[in-house]
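Inside the fold
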Amino acid sequence: MTLPDCTLVSCGVKYTVIEATYSCVDGDVTLELGHPQNAPAQTAQFAITIQSGTAPPDLQNSLVSLVRSHEADFVWDWQESAAAAENDDDPE
């Protein structure tokens, strides 16, 4: 799938999100792909959030379609140690 007027220039994992930067006609656009909580654009399993730059009108919709076409086999998984660490902070 071709994204409108944009080319992926970098991509990487930062903790619990994937950060991607696209070079678009009007400048760079950086976005995050993460868990679908409180996001303006989302699929069944991911949130797509613009972090910087001005995205061309169809970029976000194209990315949503692209992610949806490949997310069927994805499952969010949380490490047991992370969950236990969160519970250690709770007073009982």
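Residues numbered from 1 in each chain as written. Predicted model: local features only at pLDDT ≥ 70, side-chain atom pairs only at ≥ 80, totals over all residues. Heavy atoms only, no water.

Turning next to the environment of Ala47. Within the secondary structure layout, Ala47 lies in strand S5 (residues 47–52). For Ala47, a relative accessible area of 4% translates into the label buried. Along the sequence, Ala47 and Pro36 sit eleven residues apart, while their C-alpha atoms lie 4.1 Å from each other. (Helix = DSSP H or I, 4+ residues; strand = E, 2+ residues; numbered from the N terminus. Buried < 20%, exposed > 50% of the residue type's maximum accessible area, 1.4 Å probe, protein only.)

The subject of this paragraph is the state of the cysteines. This structure, assessed with the given rule, holds one disulfide. Paired through a disulfide, Cys6 and Cys24 show a sulfur-sulfur distance of 2.1 Å. When the S-S torsion is 110 degrees, as for the bridge of Cys6 with Cys24, the disulfide is right-handed. With Cys6 in strand S1 (residues 6–14) and Cys24 in strand S2 (residues 17–24), this pair connects stretches of sequence that are 18 residues apart. Side by side, Cys6 and Cys24 carry an identical accessibility label, which is buried. (Disulfide = S-S within 2.5 Å.)

This next bit is on the sheet that holds strand S3 (residues 27–34). Read from one edge to the other, the open sheet built from five strands follows the order S1-S2-S3-S5-S4, with strand pairing classed as antiparallel. The strands lining the two open edges of the sheet, one partner per strand, are S1 and strand S4 (41–42). Those strands touched by helix H1 (residues 59–68) are S1, S2, S3, S4 and S5, and its axis lies near 140 degrees from that of S5. (Pairing = 2+ DSSP bridges. Contact = heavy atoms within 4.5 Å. Axes fitted to C-alpha atoms, helices over the stretch in contact; angles between N-to-C directions.)

A separate point is the nonpolar core. Formed by 15 residues in total, the largest nonpolar core has its most connected members in Tyr22, Cys24, Leu31, Ile48, Leu59 and Leu63. When residues of this core are traced back to their parent elements, those giving at least two are S2, S3 and H1. Take this core: its biggest share by element is four residues, from H1. The residues touching Leu59, leaving out its near neighbours within four places in the chain, are Leu3, Pro4, Cys6, Cys24 and Val29. (Core = buried A, V, L, I, M, F, W, Y, C linked by side-chain atoms within 4.5 Å.)

Bringing the pairing of S3 into the picture now. Successive residues of a regular strand alternate their side chains across the two faces of the sheet. As paired elements, S2 and S3 share seven bridges and run antiparallel to each other. When the bridges of S3 are listed, Ala20 appears paired with Leu31. Counting the residues that bridge the hairpin from S2 to S3 gives two residues. Examined bridge by bridge, S3 and S5 share five bridges and lie antiparallel to one another.

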